[in-house]
Amino acid sequence: QVQLVESGGGLVQAGASLRLSCAASGRTFSSYAMGWFRQAPGKEREFVAAITWSGGNTNYADSVKGRFTISRDNAKNTVYLQMNSLKPEDTAVYYCAVDTYYRGRPHRPQEYDYWGQGTQVTVSS
């Protein structure tokens, strides 16, 4: 199995930046992707960004494109989410996840096999 440990969340003012980290351990897979989702209280989970591990191809939700950047550190088995120009509507619990058999559908939560515990991001106005 895969364990995912997230960090980097916090409370910031609108316009500020945060960098989330997600360190993966355990099993590795021949072809996989890692993604970020977020969920606000009472709301459905929504896709934020994803990256393929080998090629580094990225996908973003329209709501964060141009503000957020997903990246990876292969040596550390870690994925990052750099969040700039944060808005109050970005407030949510952010989850990282692993898609063990990437098929080009990063926006679908059901594609992901392992999930982290989540880290809270709060953006004040």
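That block above? That's the structure.
A.B. asks: Lay out the pattern of salt bridges with the relevant residues and their values.
C.D. replies: Across all of its chains, the model carries 5 salt bridges by this definition. For the salt bridge of Glu 46 with Arg 38, the shortest nitrogen-to-oxygen distance reads 2.7 Å. The residue Arg 38 makes a salt bridge to Asp 90 at a minimum N-O spacing of 2.9 Å. Of this pair, Arg 38 sits in strand E4 (residues 33-39) while Asp 90 sits in the loop between strand E8 (78-83) and strand E9 (92-99); the two residues are 52 residues apart in sequence, bridging distant segments of the chain. On the accessibility criterion, Arg 38 (5% relative accessible area) is buried.

A.B. asks: Which residues make up the environment of Ser 17, and what values go with them?
C.D. replies: For Ser 17, the position within the fold is in the loop between strand E2 (10-13) and strand E3 (18-26). Ser 17 sits 70 residues away from Lys 87 along the chain, and the two C-alpha atoms are 9.8 Å apart. Among the polar contacts made by the side chain of Ser 17, one reaches the side chain of Asn 84 at a distance of 2.8 Å.

A.B. asks: Could you give an account of the side chain of Glu 6, with specific residues and numbers?
C.D. replies: Within the secondary structure, Glu 6 sits in strand E1 (residues 2-7). Of the side chains with opposite charge, Arg 45 lies nearest to the buried Glu 6, which makes no salt bridge, at 9.6 Å. From its side chain, Glu 6 meets the backbone nitrogen of Cys 96 in a polar contact 2.3 Å long. A polar atom in the side chain of Glu 6 sits 2.4 Å from the backbone nitrogen of Gly 118. Here Glu 6 is in contact with Ser 21, Cys 22, Trp 36, Tyr 94, Tyr 95, Cys 96, Gly 116, Gln 117, Gly 118 and Thr 119, once residues within four sequence places are set aside.

Definitions and limits used
Residues numbered from 1 in each chain as written. Predicted model: local features only at pLDDT ≥ 70, side-chain atom pairs only at ≥ 80, totals over all residues. Heavy atoms only, no water. Salt bridge = Lys/Arg side-chain N within 4 Å of Asp/Glu carboxyl O. Helix = DSSP H or I, 4+ residues; strand = E, 2+ residues; numbered from the N terminus. Buried < 20%, exposed > 50% of the residue type's maximum accessible area, 1.4 Å probe, protein only. Polar contact = N/O pair within 3.5 Å; in protein donor to acceptor, adjacent residues only side chain to side chain. Lys, Arg positive; Asp, Glu negative; His and termini not counted. Contact = heavy atoms within 4.5 Å.

Read these as geometric descriptors, not functional statements.
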